[in-house]
Amino acid sequence: MKHARPRVVIVGGGFGGLYAARRLKKVDADVTLLDRGTSHVFQPLLYQCATGLLSEGEITSPLRHLLRRNKNTHVFLGEATTVDADARILTATRADGSTFDLPYDYLVVAAGMQQSYHGHDEYARWAPGMKTVDDALAIRRKLINAFEMAESLPTAEERRPWLTFAVTGGGPTGVEIAGQIRELATNALDKEFRSIDPAEARVLLIDGGDRVLESFNPKLSGHAQKTLDKVGVETHLGVHVTDVCETSIQTTSKTDKTDVEVYEARTVLWTAGVEAVPFVGALAQALGVEQVGGGRITTEPDLSVPGHPEVFVVGDIMSLNKLAGVAEVAMQGGRHAGAQIAESIAAGYRVSTPFKYRDLGTAAYIARRNALVQAGPLKMWGFAGWVSWGVIHIAFLAGFRNRTGTVINWAATLASGTRRERAITFGDPETARTPYGIGAETG
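Structural notes, computed from the coordinates. (Residues numbered from 1 in each chain as written. Predicted model: local features only at pLDDT ≥ 70, side-chain atom pairs only at ≥ 80, totals over all residues. Heavy atoms only, no water.)

**Some points on the overall build of the chain**
And step 1. Each helix and strand in the chain was counted, giving twelve helices and 26 strands.
And step 2. By the compact-globule yardstick of 22 Å for 443 residues, the chain fits well, its C-alpha radius of gyration being 23 Å.
And step 3. Considered along the principal axes of its C-alpha atoms, the chain spans approximately 75 × 55 × 50 Å.
And step 4. Here the chain, with 443 residues, has 51% of them falling under the buried criterion.
And step 5. Contacts in the chain between residues at least 24 apart in sequence constitute 62% of all its contacts with a sequence separation of at least 6.
And step 6. Roughly 20,500 Å² of accessible area belongs to the chain as shown, and the carbon and sulfur atoms make up 52% of that amount.
And step 7. When the 47 basic and 49 acidic side-chain charges of the chain are each reduced to a single mean position, those positions are 9 Å apart. (Helix = DSSP H or I, 4+ residues; strand = E, 2+ residues; numbered from the N terminus. Rg over C-alpha atoms; globule rule 2.2 N^0.38 Å. Buried < 20%, exposed > 50% of the residue type's maximum accessible area, 1.4 Å probe, protein only. Contact = heavy atoms within 4.5 Å. Areas by Shrake-Rupley, 256 points an atom, 1.4 Å probe, with all protein chains shown as cover. Lys, Arg positive; Asp, Glu negative; His and termini not counted. Charge placed at Lys NZ, Arg CZ, Asp CG, Glu CD.)

Structure follows, in structure tokens:
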């Protein structure tokens, strides 16, 4: 028995899913947005949450609040697990482990990516990634704890590993968090400790490429390198990470396998690569399509899956024309998928329009008053780039309250040099009640 109105299911409340849902606001359809969390996360600023500059509340917005005016939209908390492509039913799991079905006429998948450890998932125990709010809070705990540990240790030799921070990956996230750790040490913490000088913190940025920020123009990459050198970030290029443990990280040269370095470091952060979340594999299998680099799914020019015009894949998990996995691609892709569904429902037949990406540029924060912006022939760096970077990020933050709070927080930090978001959490009440050293890692 045919349903009275078309049913649209959107998987993922990130940029792609949110913009698809917004585009469907006035469509005569039943729209369901499914996400494993309750909030839209502004991932480009996760590193600022991790380093105490912003709170998690300033980079997240409740999905129900953002879509409160979408009268045709339901928001469900759950994790997509399987798809029956013939029956057009998506199955999701609730937080308590129970499952429920979501029938669909159109499916938009914007499930996003997770951190990739390139076949070495054991590294995750000691080297958290930077994809979720939980990651950011775990990193904040590691960073603050490292300085606190060093303060109470009696000798410089014992303190040194705690004051050494290794960041893997020379892309925007790695460069940004490496610069922020140095800024945290030299500005926010410099007068607050008595036994240590936080400015002595050693920050290692490790990457297998020939330069940092390889997705940027070489000239801009060069400016970034000079700024990193100036603020005291040690850059180690042309090497791969070949081991990570509780107390150290090991690197091996790409060109000389006998050239191995071991750095004592109690804090290792991983930003070197991403891969599709598990559900994308289940989706590919159900639809009979192959996954390409990083687990992405190749789409038709209109962002639909080959052989399945009712299924759209957008955002980081989409493979089309070598488009990068950045926020603006996800926003425009989500909006485009939503528009095609809206037009198809209004016309009564499937409307197909090729996706045309409008490159509005990319940006990366390097250090205080220094950022890069690249948009076509336009290239900015230094103070001008920093101002432009700030404007871009404020414009894309979801919600007036988040934009206002972030601007105020940035201004207060610039004026005072302090960072108020330095409270650490223990993960759960049971862990918080456990005495130090008993069943808990100090890292």
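Still more ground to cover, so stick around.
**Description of a nonpolar patch on the surface**
And step 1. The grouping of Phe383, Val387 and Val391 at the surface amounts to a nonpolar patch, some 280 Å² of accessible area in total.
And step 2. Residue classification places valine 387 among the partly exposed positions, given a relative accessible area of 38%. (Patch = residues over 30% accessible without salt bridge, like charges linked within 9 Å, V, L, I, M, F, W, Y side chains within 5 Å. Salt bridge = Lys/Arg side-chain N within 4 Å of Asp/Glu carboxyl O.)

**Topic: the pairing of strand β22 (residues 308-313)**
And step 1. Of all six residues in β22, five are buried, a share of seventy percent or more.
And step 2. Here three bridges tie strand β9 (residues 106-109) to β22, and the two strands are oriented parallel to one another. Bridging across to β22, leucine 107 finds its partner in valine 311.
And step 3. Note: strand β21 (residues 304-305) against β22, two bridges, orientation antiparallel. Opposite serine 304, over in β22, you have phenylalanine 312 as the bridge partner. (Pairing = 2+ DSSP bridges.)

**Points about the environment of cysteine 245**
And step 1. By secondary structure assignment, the location of cysteine 245 is in the loop between β14 (239-244) and β15 (248-253).
And step 2. With 13 residues separating them along the chain, cysteine 245 and glycine 232 place their C-alpha atoms 25 Å apart.

**Some points on the packing of helix α1 (residues 15-23) against helix α9 (residues 327-347)**
Packed helices, taken two at a time, are described by the angle their axes make and the gap between the axes.
And step 1. Put simply, α1 and α9 touch, their axes get as near as 7 Å, and they point 35 degrees apart. The two elements α1 and α9 meet at a crossing, and its hand is right-handed. Contacts from Phe15, Gly16, Tyr19, Ala20 and Arg23 of α1 reach α9 at Ala327, Ala330, Met331, Gly334, Arg335, Gly338, Ala339 and Ala342.
And step 2. Split into classes, the residues belonging to the contact of α1 with α9 amount to eight nonpolar, three polar and two charged. (Axes fitted to C-alpha atoms, helices over the stretch in contact; angles between N-to-C directions. Left-handed = near helix turned anticlockwise from the far one by under 90°. Nonpolar A, V, L, I, M, F, W, Y, C, P; charged D, E, K, R; others polar.)

**Side note on the sheet that holds strand β7 (residues 89-93)**
And step 1. Sheet architecture is open: three strands sit in the order β6-β7-β8, paired in antiparallel fashion. The open sheet has two edge strands with one neighbour each: β6 (79-84) and β8 (99-103). Mean inter-strand twist for the sheet, computed between neighbouring axes without regard to direction, equals 30 degrees.
And step 2. The pairing of β6 with β7 spans five bridges and is classified as antiparallel. Note on β7: the bridge partner recorded for valine 83 is leucine 90.
And step 3. Sheet strands in contact with helix α8 (residues 278-287) are β6 and β7, and its direction is about 5 degrees off that of β6.

**Brief notes about the sheet that holds β15**
And step 1. The sheet built from three strands is open, its strands ordered β14-β15-β16 with antiparallel pairing. If you trace the sheet from one side to the other, it starts and ends with β14 and β16 (260-264), each paired once. On average, each strand axis in the sheet is tilted by 25 degrees relative to the strand beside it, whichever way the strands run.
And step 2. Pairing analysis gives five bridges linking β14 to β15, with the strands arranged antiparallel. Of the residues in β15, the one forming a bridge with valine 241 is threonine 251.

**Describing the packing of aromatic side chains**
Where two aromatic rings form a pair, the distance of their centres and the angle of their planes describe that pair.
And step 1. Considering all chains together, one arrives at eleven aromatic pairs under this definition.
And step 2. Ring geometry for tyrosine 123 versus tryptophan 270: centroids 5.6 Å apart, planes at 50 degrees, classification tilted. In this pair, tyrosine 123 sits in the loop between β10 (113-115) and α4 (133-152) while tryptophan 270 sits in strand β17 (residues 267-270), placing the two residues 147 residues apart along the sequence.
And step 3. The exposure class assigned to tryptophan 270 is buried, which follows from its relative accessible area of 3%.
And step 4. Here a set of aromatic residues connected by ring pairs shows up, and it is made of Tyr47, Tyr365, Trp389 and Trp410.
And step 5. Directly above the aromatic system of tyrosine 19 lies the positively charged group of arginine 22, at a separation of 5.7 Å from the ring centroid. (Phe/Tyr/Trp six-rings, centres within 6.5 Å; stacked < 30°, edge-to-face > 60°. Lys NZ or Arg CZ within 6 Å of the ring centre and 35° of its normal.)

**Things to note about the pattern of salt bridges**
And step 1. A complete count under the given rule lists 15 salt bridges for this structure.
And step 2. Linking arginine 36 and glutamate 79 is a salt bridge whose minimum nitrogen-to-oxygen distance equals 3.5 Å. One end of the pair, arginine 36, is in the loop between β2 (30-35) and β3 (39-41); the other, glutamate 79, is in strand β6, with 43 residues separating them in the sequence.
And step 3. Residue glutamate 79 is classed as partly exposed on the basis of its relative accessible area of 37%.
And step 4. With a shortest N-O distance of 3.1 Å, glutamate 183 and arginine 419 are connected by a salt bridge. Taken as a pair, glutamate 183 in helix α6 (residues 172-188) and arginine 419 in the loop between α11 (400-416) and α12 (429-433) lie far apart in primary sequence, 236 residues in all.
And step 5. With a relative accessible area of 3%, arginine 419 lands in the buried category.

**Some details on the nonpolar core**
And step 1. Counting 115 residues, the largest nonpolar core has Leu90 and Phe147 as its most contacted members.
And step 2. Counting residues per element, this core draws most heavily on α4, which supplies eight residues.
And step 3. Contacts of leucine 90, omitting those with residues within four sequence positions, involve Val11, Leu34, Ala80, Thr82, Val83, Phe100, Asp101, Leu102, Tyr104, Leu107 and Phe279.
And step 4. Of all hydrophobic cores here, the second largest spans 15 residues; its members include Val239, Val241, Tyr263 and Trp270. (Core = buried A, V, L, I, M, F, W, Y, C linked by side-chain atoms within 4.5 Å.)

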